[in-house]
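Overview (structure and organization)
Each chain, written out:
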Amino acid sequence: MPNPNRKLFLPTLLITLIFVFLLDLALGSVHIPLSEVITTLLGGQAAKTSWTNIILKLRLPKALTASLAGAALGVSGLQMQTLFRNPLAGPFVLGISSGASLGVALVVLTAIAIGNPMFLKDLGILGDFTLIVAASLGAALTLGIVLIVARRVQDTTTLLILGLLFGYATSAVVNILLGFSSSEQIQSYLIWTFGSFAGVSWNQMTVLAPVVLLGLIVALVLSKPLNALLLGESYARSLGLTVQKARFWIITSASVLAGTITAFCGPIAFLGVAIPHLCRSLFNTSDHRVLIPAVTMMGGILALIADLISQLPGSQIVLPLNAVTALIGTPVVTWIVLRRNSQKSFPT
Amino acid sequence: MSDAILTTHNLAIGYKTSPKTFHNIASNISVSLQPGELVCLLGPNGVGKSTLLRTLSGMLPPLKGEVRLLGDDVYKLPPQELAKRLSLVLTEQVDVGMLSAYTLVTLGRYPHTDWWGKLTKQDQAIATWAIEAVGAAHLAQRNLSELSDGERQKIMIARALAQSSIAMLLDEPTAFLDLPRRVEIMQLLRQLVRDTKGAILLSTHDLNLALRLADQVWLLASNGNLYVGAPEDLVLSGAFADTFRSEGVEFNISSGEFSLQRVDRGKIHLVGQGLEAIWTTRALQRIGFHVTQHTTSSNIFVEVISEPSSVFWRTTNGKAVFIYHSLYELVKSLDVLIKS
């Protein structure tokens, strides 16, 4: 007995996504009319050659990156919220992004130790893969540890505190590494932590896009096990789910998604926590078969909007992406916490 | 018996306390679940009822022996095959976020559906039947978080029913419910087990209901003994009294209830009839009097006077006569009288 209204939501989201995507191509330091954007995308020439260049070389990879990043972080957050049965779980809050940062820091900063700061750039795609693997491993390692702790600790608050502490520990290690680095490297690392969708070249896109799409497909295939896990592990098992196997694949896909995006765009805060909640309220369901496509598109939309805002259209200034996502995300997370508190004020 | 749904033979249950040591809870368990029977598992707190249920459902390996479900070892059955034969309802309250009752019930079809969980016409029909069978059809479109504990428990049972398994194990399904809801759920389960010819095993602390509704009782004692039989058999054999023996509480073998052992405050002579007299007796017993209807050596005399418009109590103690308009007043003054 599906809700008839729900069927209209997904197409609406898709249309919104396309619209925001085009808007992200049109707006920026230089304003390009939407019609010109569409002409360019269809293979034609824009009225000015510079516009064609701006769209194809700068804004298109950036907009694609934003869509992929929003989708990846949102889906990764959704998977973790279900797995931990915790509404505040997400790539950032549980220290997964910190783990990925550590992986990136290790690769970027040890590249200096080898003596060649341009080491990774020289490696090209191989270097990109090194980054993805390092970030994903860092993410998976943190997620694995949090999960082991989570099985012993049932208390949500304790888990969040542990995630926070984990974040501190990893940033401490990063700080130590920074102590041994040149100021130039430190600066590039810091800029990476601000987060940006603009740093991905077409070459890197050939790595980013397939990895993220693969992660999203795995997540979609895991919809059914994720639905069973809504009931908790014992029930999921009684329904015939091999919990260990499902958990392994969920962690893998969540950390590849979050790790890859962190490697290319920096640790982007809040999107991963906020998007699943928005979709749950919008669609009024926890069914992952609806939520994963919804989160994928909603993630793209929100990330593109965040990118639009950070560009401050019409100006030359670019705000740090993380500042923008935090400003969007904080009210959403606050709302979640307050709403849950009012629900839980009379515990059963 | 060959038609048993689930059997155990010389089963020992317990759990690992360290890689080499085991905590043995009970051994030599040889029991069976028969089609169409509701079995209640009773026992004091912490005696290992949940461990037994977990072992029977294949979630925990047995220390010795095996559990056979339709002839196959439950611990070795592939998870999906096991789920088609056995369903569970647990004590834990699940917070599933935003799911309608109907969607939750369809999750019971999990072991029967494809990788995407697509529901066939048959799956939908079974889910609808399950939700109707527990009398919750009107809740189908409601969000689970809006339901009361009793309603939610019904939905969880419907979900287990939708699994189309021949055996259903329930761990204290009525723990969070008020009394009318408990009776309702237990009656429902009894009806279901008759209709489906499956087998239902549930653990409970509700002795009274178990005694009235169970076809069989498994009574797990603190010493690891498992007494099995019709509830009345176990009352007569003294198994109940032995298992639940503790200080200050005794199992009354004639009423099948637990009664408190109280200080003896002597005898009271009660005169009266009808419901008022019955509850006056209860009130007097509550504070430790032995109530008799005969003139005895008791020097306290209580008379219940029922008039069409009012009820009052008259006590005579020696020469003093008092009138009370509620049992509360009566009990309170008798309490003071005895202490002085």
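Per chain, residue numbering runs from 1 following the sequence as it is written. Here every chain gets a letter starting at A, and every ligand a number starting at 1, in the order they are written. The predicted nature of this model means local features are confined to residues of pLDDT at least 70 and side-chain atom pairs, given and counted, to a pLDDT of 80 or more, with totals for whole chains, interfaces and linings taken over all residues.

1. Focus on the domain arrangement of chain B
The test is simple: Note: domain ranges come from an automatic or database domain assignment.
The domain boundaries assigned to chain B delineate domain 1 (6–257) and domain 2 (267–339). Measuring from the centre of the C-alpha atoms in domain 1 of chain B to the corresponding centre in domain 2 of chain B gives 46 Å.

2. Some details on the pairing of strand β12 (residues 249–252) of chain B
Under the convention used in this document: In short, DSSP must find at least two bridges between two strands for them to pair. Starting at the N terminus, helices and strands are each numbered in turn, a helix being any DSSP run of H or I of at least four residues and a strand any DSSP run of E of at least two.
As paired elements, β12(B) and strand β13 (residues 257–260) of chain B share 4 bridges and run antiparallel to each other. Residue B:N252 lies in a different strand from β13(B), and its bridge partner there is B:E257.

3. Considering the interface of chain B and chain A
To be explicit about the condition: Two residues qualify as a contact pair if the distance between their C-beta atoms, derived from the backbone, is within 7 Å. Only Asp, Glu, Lys and Arg are considered charged in this grouping, and only Ala, Val, Leu, Ile, Met, Phe, Trp, Tyr, Cys and Pro are considered nonpolar; every other residue, Gly among them, is considered polar.
With 27 residues of chain B at the interface, the matching set in chain A holds 24 residues. Breaking the side of chain B that touches chain A down by element, the ones donating at least two residues are α2 (79–85), β7 (86–89) and α3 (101–106) of chain B. Here the side of chain B that touches chain A takes 4 residues from α2(B), the largest share from any one element. Its residues assigned to classes, the side of chain B that touches chain A shows 17 nonpolar, 8 polar and 2 charged.

4. As for the confidence of the model for chain B
To be explicit about the condition: A residue's pLDDT is the predictor's confidence in that residue, given on a scale from 0 to 100.
Of all residues in chain B, 97% have pLDDT values of 70 or greater, and the mean over the chain is 89. The ipTM for the predicted assembly is 0.83, set against a pTM of 0.85.

5. Focus: the nonpolar core
Stated precisely, the cut-off is as follows: Put simply, a nonpolar core is buried Ala, Val, Leu, Ile, Met, Phe, Trp, Tyr and Cys residues tied into one set by C-beta atoms within 7 Å. For the exposure call, what matters is how many other C-beta atoms sit within 10 Å of a residue's own: 20 or more marks it buried, 12 or fewer exposed, and in between partly exposed, using C-beta atoms placed from the backbone.
Within the largest apolar cluster, 169 residues are counted, with the highest numbers of intra-cluster contacts made by A:A69, A:A72, B:V105 and B:A158. For this core, the element with the most residues is helix α3 (residues 49–84) of chain A, which contributes 16 residues. Among all residues touching A:A69, those that are not within four sequence positions of it are A:F197, A:I261, A:C265, A:I268 and A:A303. Of all hydrophobic cores here, the second largest spans 9 residues; its members include B:L270, B:L284, B:V302 and B:W313.

6. As for the environment of B:A162
Residues and elements named next belong to chain B. With respect to the secondary-structure elements, A162 resides in helix α5 (residues 149–162). Accessibility expressed as a C-beta count within 10 Å gives 25 for A162, which makes it buried. Remark: the alpha-carbon pair of A162 and A283, spanning 121 residues in sequence, is separated by 48 Å. Those residues in contact with A162 that sit more than four places away from it in its chain are V105, T106, G108, R109, I126, A127 and A130.

7. As for the pairing of strand β18 (residues 320–324) of chain B
Residues and elements named next belong to chain B. Burial analysis of β18 places just 0 of its 5 residues in the buried class, a small minority of the element. Looking at chain direction, strand β17 (residues 311–317) and β18 are connected through 5 bridges and run antiparallel. When the sheet's bridge partners are listed, T316 is paired in β18 with V321. Once β17 ends, the chain turns through 2 residues before running back antiparallel as β18, passing G318 with a positive phi of about 70°.

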